[in-house]
Number of protein chains: 2
Amino acid sequence: MLPQRRQKILAAIVEQYIETGEPVGSKALQSIAGLDVSSATIRNEMAELTAQGLITQPHTSAGRVPTQAGYRYYVDNLMKPAELEENERRRIESGLDYRSGDPEQLLQAAGEALVDFTNFAAISTTPSDEHAFIKNIEMVPVSPKMAMIVLLTSTGILKSKACRTDVPITPDLQDTFSDIVRKNFFGTPLSDVNTVMIQTLVASLGAKALSMSPLLVTISDLVEAASVSEINLSGQSNLLGYKEYNDNAGQLLDFLHREEPLGMLVSASGDSDSDIEIRIGSENRYKELENSSMIISKYKIGDNATGAIGIIGPTRMNYSKLVPSIKYLTDIISKFLSDVYEEESSSGEEDS
Amino acid sequence: MLPQRRQKILAAIVEQYIETGEPVGSKALQSIAGLDVSSATIRNEMAELTAQGLITQPHTSAGRVPTQAGYRYYVDNLMKPAELEENERRRIESGLDYRSGDPEQLLQAAGEALVDFTNFAAISTTPSDEHAFIKNIEMVPVSPKMAMIVLLTSTGILKSKACRTDVPITPDLQDTFSDIVRKNFFGTPLSDVNTVMIQTLVASLGAKALSMSPLLVTISDLVEAASVSEINLSGQSNLLGYKEYNDNAGQLLDFLHREEPLGMLVSASGDSDSDIEIRIGSENRYKELENSSMIISKYKIGDNATGAIGIIGPTRMNYSKLVPSIKYLTDIISKFLSDVYEEESSSGEEDS
DNA sequence: TTTAGCACTCATTAGTTCCGAGTGCTAATT
DNA sequence: AATTAGCACTCGGAACTAATGAGTGCTAAA
């Protein structure tokens, strides 16, 4: 635990640096931190903080800048989360698209709301729910030997895919399909549908196997697609504006463009207990992110389904403002999605 | 019409500059263009070309660079479209996702294929078809007073939206809905569905109007959404790499981020008769694009539906290579989408 | 009409100086 | 023991200068 005065100084350095982006000198601190001591005293304290690795100087004749550890200490011990103003709340909400009941769209919109609000890049995932089950499967013929298969899950995910059949599609065939689907898939957890299950099913169909096989395989594909939680990234171009990325912004954007690591970024946030996680610089584990911070928050639908939403930006970001903003957005999302997709058991009497 | 030798010189300047990005001097040209004249002669010709506004010098002691008019002349009169190599064809094709029958996904994938292939940003639109009609509408209950409505059009566009009903959803209500939809919507052109049509229909329902109204309004929303052709932009971050955008790449990205102008960009390509259009620099009409070129190609599904796909990059791009590439991609898309969605009338006997 | 020759231009690079913000240390002060 | 005034020192950045050389336009000869 740092002595109080040193804490004050550290907090002042962090906050001032976040605001201006310029290294903070001892003179400047004198007026900022509410301390009635001379700049020399502050310099002594700063020397201590430097020795402890919490701040550093870009070069000998410059002021101090927080190190990664400094940010961490600030975030863990010193930061006071800001109250959200009413109009900020409104700004966040207004970006959300409540209308379409599609959770994928909602999360996409939420990401973009964050982009607009924060001027950073935002990342969001669609809900993944290990207990999700199949709500409905429809087959819609589009041509003699081609049909569209549509899958709807209990979490509101809708996936569709065209499927070419080996034999012409007759009303009879449609009925058969409908029967099979009703018996074998409705209410089935997504996790229970896999290649083996499909093959067993096909095998049991006897004469009908030939005509049904491509359709059932398509179902398997759709379930697969519905199980994977999608990751949306938006607002990357915002990052160009920040001078900390000056030349190699392209490098960061390329990194974010590759989708694989994004999954890691978000899923790794399972470790901590709290529902909001701040990762500063190299805490992100990826070299490309060593100058970036993420603030990731998990949302929940009822008790099972979860996803995450958050931002990526330079380590110099206004944590005390962003944390409550993201928390607020997450709460809205959780509430809205829970309202819609967990209504089954409740009586659900509210109107819009 | 320029004298032949001058044409050769212009072509050499354009091609050399496209390749290296450096201003081209008279000495260098001597060896590049197959001309057996001294650099002094070439200098004289260059002076002429400069006077005609086809080339310019960045500064007094530098070589020449094509002006926008120079590129235009080159593209219109001098350029020889390159033959695509077999492996280039494969590279383009391999990026396409044929599997899901969803044209929106296909076009998205096509855009990304272009991004990978060209290293520029790509833009693509989903098909818009004034003669498209409604193929199917399904209602899927998700909770007592909530249903998912799914719309499928003749062009394969699938849209869905959640809808909250005023009364509980009963099998009876579902049947009623199903009847109404079958009678009034199946086969109806998208353009015929509008607020007036919906209101007339609701009015004619008598006692059932109350329960049906929200559902029918949702249909109207879905038709609206299906009618608008979506615009996909991808690969923006590629543009950062090009030094012509050096500092203000952010400005361009911001411009591309706003979606409104994109529609203009693509739709404006209706003017010309040819199916591929090259717009150089300020020909794009937007100040933000004065250093950029677009190559846009239209695809067709059968005779009605059309959309566009193309690239955006610095004016210094390899037109002679890119034009055939994009043409090739467009052909594939046209063929594939036509195969799938224009099969109705034909006997459609091919297998995959 | 073409070409050799030459003076001229000017972006770029490297080298130099100067300035001042900010530091660390020492010695005096409380 | 803690604080402060004073001062020498460091070093990044700005401003200026000089040298370089690629490329030009022009003139006069072929």
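Model, not experiment: these values are computed from the prediction.

About the thresholds
Residues numbered from 1 in each chain as written. Chains lettered and ligands numbered in written order. Predicted model: local features only at pLDDT ≥ 70, side-chain atom pairs only at ≥ 80, totals over all residues. Heavy atoms only, no water. Helix = DSSP H or I, 4+ residues; strand = E, 2+ residues; numbered from the N terminus. Contact = heavy atoms within 4.5 Å. Near = heavy atom within 4 Å. Polar contact = N/O pair within 3.5 Å; in protein donor to acceptor, adjacent residues only side chain to side chain. Pairing = 2+ DSSP bridges. Axes fitted to C-alpha atoms, helices over the stretch in contact; angles between N-to-C directions. Expected span 1.5 Å × (residues − 1). Buried < 20%, exposed > 50% of the residue type's maximum accessible area, 1.4 Å probe, protein only. Core = buried A, V, L, I, M, F, W, Y, C linked by side-chain atoms within 4.5 Å. Parallel < 35°, antiparallel > 145°, perpendicular 65-115°, else oblique. Left-handed = near helix turned anticlockwise from the far one by under 90°. Nonpolar A, V, L, I, M, F, W, Y, C, P; charged D, E, K, R; others polar. pLDDT = per-residue confidence, 0-100. Salt bridge = Lys/Arg side-chain N within 4 Å of Asp/Glu carboxyl O.

### Details of the environment of A:T176
All names here are of chain A.
Here is step 1 of the chain: The topology assignment puts T176 in helix α7 (residues 171-184).
Here is step 2 of the chain: The sequence separation of T176 and V140 amounts to 36 residues, and the corresponding C-alpha distance is 14 Å.
Here is step 3 of the chain: The contact partners of T176, leaving out residues within four places of it in the chain, are K208 and M212.

### Some thoughts on the protein's contact with DNA strand D
Here is step 1 of the chain: With respect to spatial proximity, 21 residues lie near DNA strand D, and among them A:R5, A:S38, A:T41, A:T60 and B:S26 are the closest.
Here is step 2 of the chain: Close to the protein, within 4 Å, the atoms of DNA strand D belong to sugar or phosphate groups at a rate of 78%.
Here is step 3 of the chain: A distance of 3.3 Å separates a base oxygen of DNA strand D from a polar atom in the side chain of A:R43.
Here is step 4 of the chain: In this structure, B:R64 approaches DNA strand D through a side-chain N or O atom, which is 3.0 Å from a phosphate oxygen.

### A look at the sheet that holds strand β4 (residues 134-143) of chain A
Residue and element names in this part refer to chain A.
Here is step 1 of the chain: The three strands are arranged β4-β5-β6 in an open sheet whose pairing can be described as antiparallel. Each of the sheet's edge strands pairs with one partner strand only, and the pair in question is β4 and β6 (158-164). The average angle at which neighbouring strand axes cross in this sheet is 20°, direction not considered.
Here is step 2 of the chain: Against the sheet, α7 contacts β4 and β5 (146-153), and its axis sits at roughly 165° relative to β4.

### Section: helix α9 (residues 209-227) of chain A
In an α-helix, one full turn covers 3.6 residues, which means residues spaced three or four apart are oriented alike.
Residues and elements named next belong to chain A.
Here is step 1 of the chain: The end-to-end C-alpha distance of α9 is 26 Å, a good match for the 27 Å that 19 residues give at a rise of 1.5 Å each.
Here is step 2 of the chain: Taken together, the buried positions of α9 are occupied by A209, S211, M212, P214, L215, L216, T218, I219, S220, L222, V223 and A226.
Here is step 3 of the chain: Against the buried residues of α9 lie β4, β5, β6, α7 and α8 (195-203).

### As for the nonpolar core
Here is step 1 of the chain: Counting 170 residues, the largest nonpolar core has A:I295, A:Y319, B:I295 and B:Y319 as the members making the most contacts within it.
Here is step 2 of the chain: If we ignore the near neighbours within four places in the chain, the residues touching B:Y319 are B:I18, B:Y71, B:V75, B:M79, B:I278, B:I280, B:S293, B:I295 and B:P324.

### Topic: the packing of α7(A) against α9(A)
All names here are of chain A.
Here is step 1 of the chain: Across the interface, α7 lies against α9 with an axial gap of 11 Å and an inter-helix angle of 45°. With respect to their mutual orientation, α7 and α9 come out oblique. Note on packing geometry: the crossing formed by α7 with α9 is right-handed. On α9, the residues touching L173, T176, F177, I180 and V181 of α7 are S211, M212, L215, L216 and I219.
Here is step 2 of the chain: Tallied by class, residues from the contact of α7 with α9 come to eight nonpolar, two polar and no charged.

### A look at helix α1 (residues 4-20) of chain A
Residue and element names in this part refer to chain A.
Here is step 1 of the chain: When the terminal C-alpha atoms of α1 are compared, their 24 Å separation across 17 residues agrees well with the 24 Å that a helix rising 1.5 Å per residue should span.
Here is step 2 of the chain: Taken as a whole, α1 has its buried residues at R6, Q7, I9, L10, A11, A12, I13, V14, Y17 and I18.
Here is step 3 of the chain: G21 sits one or two residues past α1 and shows a positive phi near 80°.

### What to know about the sheet that holds strand β10 (residues 305-314) of chain A
All names here are of chain A.
Here is step 1 of the chain: Here five strands make up an open sheet; going across it, the order is β7-β3-β10-β9-β8 and the pairing antiparallel. Bordering the open sheet on either side are β7 (231-234) and β8 (276-280), each of which pairs with just one other strand. Averaged over all neighbouring strand pairs, the angle between strand axes comes to 15°, with direction disregarded.
Here is step 2 of the chain: Direction of pairing for strand β9 (residues 292-301) relative to β10: antiparallel, over a ladder of ten bridges. Directly across from Y299, in β10, lies its bridge partner G307.
Here is step 3 of the chain: Set on the sheet, helix α6 (residues 103-118) makes contact with β3 (121-125), β7, β9 and β10; between it and β3 the angle comes to about 160°.

### As for the confidence of the model for chain A
Here is step 1 of the chain: Per-residue pLDDT for chain A averages 88, and the proportion of residues at 70 or more is 92%.
Here is step 2 of the chain: Low pLDDT, under 50, characterises residues 344-352 of chain A; the predicted model gives this stretch nine contacts beyond four residues in sequence or across chains.

### Overview of the protein's contact with DNA strand C
Here is step 1 of the chain: Neighbouring residues of DNA strand C: 20 residues in total, closest A:S26, B:S38, B:T41, B:T60 and B:S61.
Here is step 2 of the chain: The contact atoms of DNA strand C, taken as those within 4 Å of the protein, divide so that sugar and phosphate hold 79%.
Here is step 3 of the chain: Elements with a minimum of two residues in the surface near DNA strand C: α3 (39-51) of chain A together with α3 (39-51) of chain B.
Here is step 4 of the chain: The biggest single contributor to the surface near DNA strand C is α3(B), with four residues.
Here is step 5 of the chain: For the surface near DNA strand C, a count of residues per class yields four nonpolar, twelve polar and four charged.

### Brief notes about the side chain of A:K145
All names here are of chain A.
Here is step 1 of the chain: Along the polypeptide, K145 turns up in the loop between β4 and β5.
Here is step 2 of the chain: For K145, a relative accessible area of 13% translates into the label buried.
Here is step 3 of the chain: A polar contact of 3.4 Å, which involves the side chain of K145, links it to the backbone oxygen of D166.

### Looking at the pattern of salt bridges
Residues and elements named next belong to chain A.
Here is step 1 of the chain: Counted according to the given criterion, the structure contains 26 salt bridges over all chains.
Here is step 2 of the chain: R89 is the salt-bridge partner of E86, the closest N and O atoms lying 3.4 Å from each other. Separated by three residues within a single helix, E86 and R89 lie in helix α5 (residues 86-94), roughly one turn from each other.
Here is step 3 of the chain: Residues E86 and R90 are paired through a salt bridge, measuring 3.6 Å at the closest nitrogen-oxygen approach. Residue E86 and its partner R90 are located together in helix α5, separated by four residues, close to a single helical turn.
Here is step 4 of the chain: Shared partners join several salt bridges into a network, and the residues in it are R5, R6, E45 and E48.

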